Amino acid sequence: MSDASRPIAILGGTGPAGMGIALRWARAGETIIIGSRDAHRAQETADKIKERAGNQTRISGMDNAAACAAANTLVLTVPFESQAALLKQLKPAIRSGSILIDATVALAASVGGRASRTLGVWQGSSAQQAAELVPKGVNVVAAFHNLSAELLDGDDALDCDVIVCGDDPDASQIVRKLAAKIPGVRAIDGGKLENARILEQMTALLIGLNTRHKGHGGIRITGLPPQAYE
Ligand SMILES: NC(=O)c1ccc[n+]([C@@H]2O[C@H](COP(=O)([O-])OP(=O)(O)OC[C@H]3O[C@@H](n4cnc5c(N)ncnc54)[C@H](OP(=O)(O)O)[C@@H]3O)[C@@H](O)[C@H]2O)c1
């Protein structure tokens, strides 16, 4: 299920990760709200995406709190070091029953270390930390950690799979259907939210590989039965 008339808010959607996802979903016919700390910057970003995706696309920009209030599917694409503070600030604006898709990665770069290493997060992962901070009745689903923003910001189909982890099967399925709307992406059920820690570590590995080999690597999971791929 995904209802194109129901907006998807991308919090921190002015950065490369959020913009890339917004561009692909806007092209796929989804209604997108770019969220930012600054409503003006959000609108500018939305206008840029509209220019690329076409005039018929439904995309607007708002401050993060207004974006949460206007949507019940939220995507969090902010640096790990700002994730907890932002979620605490937005808690009153997040609607009960929403899905929060967490794409943040606890990279050591957040505290001045390497982007090819992750930080230990007390809860196990950035996504599990998010799950402790959202209002009751909000399902956190981890996804999109392993998609490169550079690849999303293009016109070609991606050659990548997206592993989706979450504790609520219905919320996970909605997110898999949304992920599969990105051309070239196959979405795979990766089990419980606790597996997000592995997804985040895979991102650090991919960043290291991309630096070493000067590319934009993604992942493909082979050998599962066809029904495992959305
Ligand atoms: N880049 C990638 O290829 C990629 C791929 C997968 C996952 N990720 C993950 O996705 C997240 C976003 O990545 P990115 O490269 O797009 O990051 P980014 O450009 O550093 O940040 C994204 C947006 O977050 C907002 N932000 C920054 N500091 C903030 C703060 N202190 N409080 C609230 N909002 C703040 C900013 O929006 P405003 O200033 O407009 O509020 C910014 O445009 C990261 O956790 C990253 O690990 C990135």
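The structure we're discussing is the one just above.
Residues numbered from 1 in each chain as written. Predicted model: local features only at pLDDT ≥ 70, side-chain atom pairs only at ≥ 80, totals over all residues. Heavy atoms only, no water.

## A closer look at the packing of helix H4 (residues 80-90) against helix H5 (residues 126-133)
So, step 1. Between H4 and H5, the shortest axis-to-axis distance is 9 Å and the interhelical angle comes to 15°. Considering their axes alone, H4 and H5 lie roughly parallel with respect to each other. Of the two elements, H4 crosses H5, and the hand of that crossing is right-handed. The segment H4 lies against H5, with Phe80, Gln83, Ala84, Leu87 and Lys88 engaging Ser126, Gln129, Ala130 and Leu133.
So, step 2. Partitioned by chemical class, the residues of the contact of H4 with H5 number five nonpolar, three polar and one charged. (Axes fitted to C-alpha atoms, helices over the stretch in contact; angles between N-to-C directions. Helix = DSSP H or I, 4+ residues; strand = E, 2+ residues; numbered from the N terminus. Parallel < 35°, antiparallel > 145°, perpendicular 65-115°, else oblique. Left-handed = near helix turned anticlockwise from the far one by under 90°. Contact = heavy atoms within 4.5 Å. Nonpolar A, V, L, I, M, F, W, Y, C, P; charged D, E, K, R; others polar.)

## Here we look at the site of the ligand
So, step 1. The immediate surroundings of the ligand are formed by 21 residues, with Thr14, Ser36, Arg37, Arg41 and Val78 found nearest.
So, step 2. Side-chain polar atom of Arg37 to an oxygen atom of the ligand: 2.8 Å apart, as the coordinates give it.
So, step 3. Judged by the proximity of its atoms to the pocket grid, the ligand belongs to the largest pocket.
So, step 4. Counting residues per element, the ones that place at least two in the shell around the ligand are helix H1 (16-27) and H4.
So, step 5. Tallied by class, residues from the shell around the ligand come to 10 nonpolar, nine polar and two charged. (Near = heavy atom within 4 Å. Polar contact = N/O pair within 3.5 Å; in protein donor to acceptor, adjacent residues only side chain to side chain. 1 Å grid on protein atoms, 1.4 Å probe; cavity = no way out; pocket = protein on both sides within 12 Å on 5 of 7 lines; lining within 4 Å. Sits in = over half its atoms within 2 Å of the grid points.)

## Focus: the side chain of Ser126
So, step 1. By secondary structure assignment, the location of Ser126 is in helix H5.
So, step 2. You can call Ser126 buried: its relative accessible area is 0%.
So, step 3. When residues no more than four places from it in sequence are discounted, the contact partners of Ser126 are Phe80, Gln83, Asp102, Thr104, Ala106, Val121 and Glu200. (Buried < 20%, exposed > 50% of the residue type's maximum accessible area, 1.4 Å probe, protein only.)

## Some words on the sheet that holds strand S8 (residues 186-189)
So, step 1. The strand order across the open sheet built from eight strands is S3-S2-S1-S4-S5-S6-S7-S8, with neighbouring strands paired in mixed fashion. Each edge of the sheet is formed by a strand with only one pairing partner; in this case those strands are strand S3 (59-63) and S8. Averaged over all adjacent pairs, the angle separating strand axes in this sheet is 25°, with direction ignored.
So, step 2. One ladder, built from five bridges, connects strand S2 (residues 32-36) with S3; its direction is parallel. Across the sheet, the residue bridging to Ile34 is Gly61, located in S3.
So, step 3. Against the sheet, helix H2 (residues 39-53) makes contact with S2 and S3, and its axis sits at roughly 165° relative to S3, the strand it touches most. (Pairing = 2+ DSSP bridges.)

## A word on the environment of Ala66
So, step 1. Structurally, Ala66 is set in helix H3 (residues 64-69).
So, step 2. Owing to a relative accessible area of 30%, Ala66 belongs among the partly exposed residues under this scheme.
So, step 3. Counting along the chain gives 57 residues from Ala66 to Ala9, while the straight-line C-alpha distance between them is 9.4 Å.

## With respect to the packing of aromatic side chains
So, step 1. All told, the structure shown has one aromatic pair when counted by the stated rule.
So, step 2. Their ring planes at 75° and their centres at 5.6 Å tell us that Trp25 and Phe144 sit as a pair that is edge-to-face. You can see Trp25 sitting in helix H1 and its partner Phe144 sitting in the loop between strand S6 (139-142) and helix H6 (149-152), a full 119 residues away along the chain. Across the pair, Phe144 and Trp25 agree in class, each one buried.
So, step 3. Above the ring of Tyr229, the side-chain terminus of Arg186 is found at 4.0 Å from the ring centroid. (Phe/Tyr/Trp six-rings, centres within 6.5 Å; stacked < 30°, edge-to-face > 60°. Lys NZ or Arg CZ within 6 Å of the ring centre and 35° of its normal.)

## With respect to the layout of surface pockets
So, step 1. Here the largest pocket defines a volume of roughly 750 Å³.
So, step 2. Lining of the largest pocket is provided by 34 residues; of these, Ala17, Val105, Leu107, Thr203 and Ile207 occupy positions nearest its centre.
So, step 3. Counted as a void, the second largest pocket has a volume near 260 Å³.
So, step 4. In terms of lining, the second largest pocket is formed by 14 residues, of which the most central are Gly12, Arg37, Val78, Pro79 and Ser82.
So, step 5. No other element matches H4, which puts four residues into the lining of the second largest pocket.
So, step 6. Taken together, the residues of the lining of the second largest pocket sort by class into four nonpolar, eight polar and two charged. (Points joined across faces, edges and corners; volume = space filled by probe spheres on them.)

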